[in-house]
Amino acid sequence: MSEALRNFLFTSESVTEGHPDKIADQISDAVLDEVMRHDPKGRVACETLVTTGIAVVAGEITTSAHVDYDELVRATIRGVGYDRAKYGYDADTCAVMCTVKRQSPDIAMGVDTGGAGDQGLMFGFACDETEELMPMPIQLAHHLTQRLSQIRKANKVDFLPRCWTQKRNITSTRRAAS
């Protein structure tokens, strides 16, 4: 293989907890955690969408737990740092829409008989570039965003919840981790 084909640019991006995608993930995670805390046999398929002025929680959740979705969403957004209207998104004034219903009987039937329900498919790879077995660019991008979050939480800057980093490496063909 020629040198030009072996060496290439590899770019990875990472975002901090104030990015809309991360806020949505944290809200969905908080819903799952709350259900599991009170009902370990609960079933949660939760999706969240956030945009200026609103957070929408949707999905199919079957549980005996009572979840205060409104407060859970607001606490999560507040924890990220969006606690004033001047930031463009405010935990105390945004609308919270909840469209959660019980799990579909068709999916429940598959789970009840030992199946996995409607699980998603994932793919990826491990490599030997870092201790975490992740490609170096994404690992460095993650470290940068983690540091930005630490700086914000230590009040070293006034406001910094929505940031992203991008790391580009000139790299050679990766070797799979063994």
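What comes next is a walk through the structure.

Calculation notes
Residues numbered from 1 in each chain as written. Predicted model: local features only at pLDDT ≥ 70, side-chain atom pairs only at ≥ 80, totals over all residues. Heavy atoms only, no water. Salt bridge = Lys/Arg side-chain N within 4 Å of Asp/Glu carboxyl O. Helix = DSSP H or I, 4+ residues; strand = E, 2+ residues; numbered from the N terminus. Buried < 20%, exposed > 50% of the residue type's maximum accessible area, 1.4 Å probe, protein only. Phe/Tyr/Trp six-rings, centres within 6.5 Å; stacked < 30°, edge-to-face > 60°. Core = buried A, V, L, I, M, F, W, Y, C linked by side-chain atoms within 4.5 Å. Contact = heavy atoms within 4.5 Å. Pairing = 2+ DSSP bridges. Axes fitted to C-alpha atoms, helices over the stretch in contact; angles between N-to-C directions. Expected span 1.5 Å × (residues − 1). Polar contact = N/O pair within 3.5 Å; in protein donor to acceptor, adjacent residues only side chain to side chain. Disulfide = S-S within 2.5 Å. Lys, Arg positive; Asp, Glu negative; His and termini not counted.

### Things to note about the pattern of salt bridges
For step 1, the next point in the chain: Applying the stated rule across the entire model yields six salt bridges.
For step 2, the next point in the chain: Residues aspartate 70 and arginine 74 are paired through a salt bridge, measuring 3.0 Å at the closest nitrogen-oxygen approach. Taken together, the residues aspartate 70 and arginine 74, both in helix α3 (residues 69-80) and four residues apart, mark about one turn of the helix.
For step 3, the next point in the chain: For arginine 74, a relative accessible area of 14% corresponds to the buried category.

### Examining the packing of aromatic side chains
Each aromatic ring pair is specified by the distance between its two centres and by the angle formed by the two planes.
For step 1, the next point in the chain: The full count for this structure, using the stated rule, is one aromatic pair.
For step 2, the next point in the chain: For the ring pair tyrosine 82 and tyrosine 89, a centre distance of 5.7 Å and an interplane angle of 85° mean the geometry is edge-to-face. Across the pair, tyrosine 89 and tyrosine 82 agree in class, each one buried.

### Notes on the nonpolar core
For step 1, the next point in the chain: In this structure, Ile27 and Ile77 are the most contacted members of the largest nonpolar core, which totals 21 residues.
For step 2, the next point in the chain: Looking at this core, the elements that each hand over two or more residues are α2 (20-38), β2 (43-51), β3 (54-62) and α3.
For step 3, the next point in the chain: Once residues lying within four places of it in the same chain are set aside, the contact partners of isoleucine 27 are Thr48, Val50, Ala55, Val57, Val73, Thr76 and Ile77.

### Quick word on the sheet that holds strand β6 (residues 95-101)
For step 1, the next point in the chain: The sheet built from three strands is open, its strands ordered β2-β3-β6 with mixed pairing. Two strands lie at the open edges of the sheet, namely β2 and β6, each paired on one side alone. Ignoring which end each strand starts from, the neighbouring axes of this sheet average 15° apart.
For step 2, the next point in the chain: Pairing of β2 with β3 involves nine bridges; the strand directions are antiparallel. From the neighbouring strand, valine 44 faces β3, where its bridge partner is isoleucine 61.
For step 3, the next point in the chain: Along the sheet, α2 makes contact with β2 and β3, crossing β2 at roughly 150°.

### Quick notes on helix α5 (residues 136-153)
For step 1, the next point in the chain: With 18 residues, α5 ought to run about 26 Å at 1.5 Å a step, and its terminal C-alpha atoms sit 26 Å apart, in line with that.
For step 2, the next point in the chain: All of the buried residues along α5 are Pro137, Ile138, Gln139, Ala141, Thr145, Ser149 and Arg152.
For step 3, the next point in the chain: Just past α5, the residue asparagine 155 takes up positive phi, approximately 60°.

### Comments concerning the side chain of serine 14
For step 1, the next point in the chain: Along the polypeptide, serine 14 turns up in strand β1 (residues 8-15).
For step 2, the next point in the chain: At 2.8 Å, the side chain of serine 14 and the side chain of histidine 142 are in polar contact.
For step 3, the next point in the chain: Beyond its immediate chain neighbours, meaning those up to four positions away, serine 14 contacts Ala141, His142, Thr145, Cys163, Trp164 and Thr165.

### Regarding the state of the cysteines
For step 1, the next point in the chain: If you walk through the whole model with that rule in mind, you get zero disulfides.
For step 2, the next point in the chain: With no disulfide of its own, cysteine 46 lies closest to cysteine 98 among cysteine sulfurs, the gap being 8.0 Å.
For step 3, the next point in the chain: You can call cysteine 46 buried: its relative accessible area is 13%.

### Side note on the side chain of aspartate 39
For step 1, the next point in the chain: Examined against the element boundaries, aspartate 39 turns out to sit in the loop between α2 and β2.
For step 2, the next point in the chain: Buried aspartate 39, no salt bridge; nearest opposite-charge side chain is arginine 102, N-O distance 7.9 Å.
For step 3, the next point in the chain: Each residue touching aspartate 39, except ones within four places of it in the same chain, is listed here: Thr62, Thr63, Ser64 and Ala65.

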